[in-house]
Amino acid sequence: MTVVKIEALSGSRSRVLLENEESFVLYKGELRKYRIEEGGQLSEAAYRELQTQVLPKRAKLRAMNLLKNRRYTEKEMMDKLLGGGYQPKIAREAVDYVKSYHYIDDRQYTMDYITCRAKGHSLREMEQKLLRKGIDRELFGEVLQELEAEGFDSEEEAAIRHILIKKHCTEKVMDDREKQRIYAWFYRKGFSLDTVRAVMEDVLLDIT
């Protein structure tokens, strides 16, 4: 098949576009090894080797290296690999590979996310952030039920009180303007304003 274009991405990496509009990223050494040139022909054997060996192996290594620095959800890892120029089928293979070793586990990620952030975040805020990470509402609900069955306290009152203490709101008497600013902050974070008011009143009574 014909190599339509070779686009340099960096000093060592280039995107190869084929006549069928398929593209993938290769290093300079690989371009030389497979004799890939703009306007030239890529043999079927070379194409097959790239698709079944070279690129899948590199995608798996890339995924493993990314996981050394932080945890990823399945969607985040797919987005990262796709953004790095890997084809969807190869990115999918790499994600499935790391999932098979539980290096990516959306259920455990959700459980850890909720338990680590419950003190300073509303359930709504955590759900919205997890949705953006590719965690669906059904999984979020299932994990929350599991945690609550194990004794996890997801009550907003404790989270609100924790935040108020962290913001030193319990150390001073607030005027109406300061109260409205605090209410607005909690509202943006997804907390119930009625709950915020109740906790605020309790906190202010504690210091008067």
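Anything mentioned here points back to the structure above.
Reference entry: report on the structure contained in this document. In this text, all values refer to a predicted model and were calculated from it rather than measured experimentally.

**Remarks on the packing of aromatic side chains**
Tallying each qualifying case throughout the model produces 3 aromatic pairs. When the centroid spacing of 5.3 Å and the interplanar angle of 65° are considered together, the rings of Tyr 97 and Tyr 101 count as edge-to-face. Looking at Tyr 101, the relative accessible area reads 48%, which means it is partly exposed. Their ring planes at 20° and their centres at 5.8 Å tell us that Tyr 101 and Tyr 103 sit as a pair that is stacked. Clustering of aromatic rings is evident, with ring pairs tying together Tyr 97, Tyr 101 and Tyr 103. Its guanidinium or amino end placed over the ring of Tyr 72, Arg 70 lies 4.0 Å from that ring's centre, counting from NZ or CZ.

**So, helix H5 (residues 106-117)**
Residue pairs three or four apart in sequence face the same way in an α-helix, which turns once every 3.6 residues. In this model, H5 (12 residues) spans 16 Å end to end at C-alpha, consistent with the 16 Å of a helix rising 1.5 Å per residue. Those residues of H5 that fall on the buried side of the exposure criterion are Asp 106, Tyr 109, Thr 110, Met 111, Tyr 113 and Ile 114. Tucked inside the fold, the buried residues of H5 contact helix H3 (74-83), helix H6 (123-132) and helix H7 (137-149). Between the side-chain oxygen of the N-cap and the backbone nitrogen of Arg 107 there are 3.1 Å, and the N-cap of H5 in question is Asp 105.

**Here's the deal with a nonpolar patch on the surface**
There is a patch of nonpolar side chains on the surface, built from Tyr 97, Tyr 101 and Tyr 103 and spanning about 330 Å² of accessible area. Locating Tyr 101 in the fold gives a position in the loop between helix H4 (88-100) and H5.

**Quick notes on the environment of Glu 7**
Note that Glu 7 resides in strand E1 (residues 3-8). The class of Glu 7 is partly exposed, set by a relative accessible area of 36%. Between the C-alpha atom of Glu 7 and that of Glu 38, which follows or precedes it by 31 residues, the distance is 9.3 Å. Ignoring any residue separated from it by four or fewer positions in sequence, one finds Glu 7 in contact with Arg 13, Ser 14 and Arg 15.

**Some points on the sheet that holds strand E3 (residues 23-27)**
Strands sit in the order E1-E2-E3 across an open sheet of 3 strands; the sheet is antiparallel. Single-partner strands in this sheet number two, and they are E1 and E3. Between one strand axis and the next, the sheet turns through 25° on average, direction left out of account. Two elements, strand E2 (residues 13-18) and E3, share 5 bridges in a ladder whose sense is antiparallel. In the strand pairing of E3, Val 16 is matched with Phe 24.

**A look at unusual backbone geometry**
Non-glycine residue Glu 21 carries a positive phi angle of around 70°. Locating Glu 21 in the fold gives a position in the loop between E2 and E3. Positive phi values are uncommon outside glycine, yet Arg 35 reaches one of about 55°. Position of Arg 35 among the secondary structure elements: in the loop between helix H1 (28-33) and helix H2 (44-66).

**Quick notes on the packing of H2 against H3**
Each packed pair of helices is defined by two parameters, the angle between the axes and the distance between the axes. Remark: H2 packs on H3, axes separated minimally by 11 Å, with the N-to-C direction vectors making an angle of 125°. Here H2 is positioned oblique relative to H3, judged by the angle of their axes. Note on packing geometry: the crossing formed by H2 with H3 is right-handed. On the side of H2, the interface is formed by Ala 59, Arg 62, Ala 63 and Leu 66, while H3 contributes Met 77, Lys 80 and Leu 81.

**Re the nonpolar core**
Core analysis: the largest hydrophobic core is formed by 29 residues, its most contacted members being Val 16, Phe 24, Leu 26, Ile 36, Leu 42, Leu 50 and Met 77. Broken down by element, this core gets its largest block of residues, 8 residues, from H2. Those residues within four positions of Leu 26 in sequence are excluded, and the remaining contacts are Ser 12, Arg 13, Ser 14, Val 16, Leu 31, Ile 36, Leu 50, Leu 55 and Arg 58.

About the thresholds
Residues numbered from 1 in each chain as written. Predicted model: local features only at pLDDT ≥ 70, side-chain atom pairs only at ≥ 80, totals over all residues. Heavy atoms only, no water. Phe/Tyr/Trp six-rings, centres within 6.5 Å; stacked < 30°, edge-to-face > 60°. Buried < 20%, exposed > 50% of the residue type's maximum accessible area, 1.4 Å probe, protein only. Lys NZ or Arg CZ within 6 Å of the ring centre and 35° of its normal. Helix = DSSP H or I, 4+ residues; strand = E, 2+ residues; numbered from the N terminus. Expected span 1.5 Å × (residues − 1). Contact = heavy atoms within 4.5 Å. Polar contact = N/O pair within 3.5 Å; in protein donor to acceptor, adjacent residues only side chain to side chain. Patch = residues over 30% accessible without salt bridge, like charges linked within 9 Å, V, L, I, M, F, W, Y side chains within 5 Å. Areas by Shrake-Rupley, 256 points an atom, 1.4 Å probe, with all protein chains shown as cover. Salt bridge = Lys/Arg side-chain N within 4 Å of Asp/Glu carboxyl O. Pairing = 2+ DSSP bridges. Axes fitted to C-alpha atoms, helices over the stretch in contact; angles between N-to-C directions. Parallel < 35°, antiparallel > 145°, perpendicular 65-115°, else oblique. Left-handed = near helix turned anticlockwise from the far one by under 90°. Core = buried A, V, L, I, M, F, W, Y, C linked by side-chain atoms within 4.5 Å.

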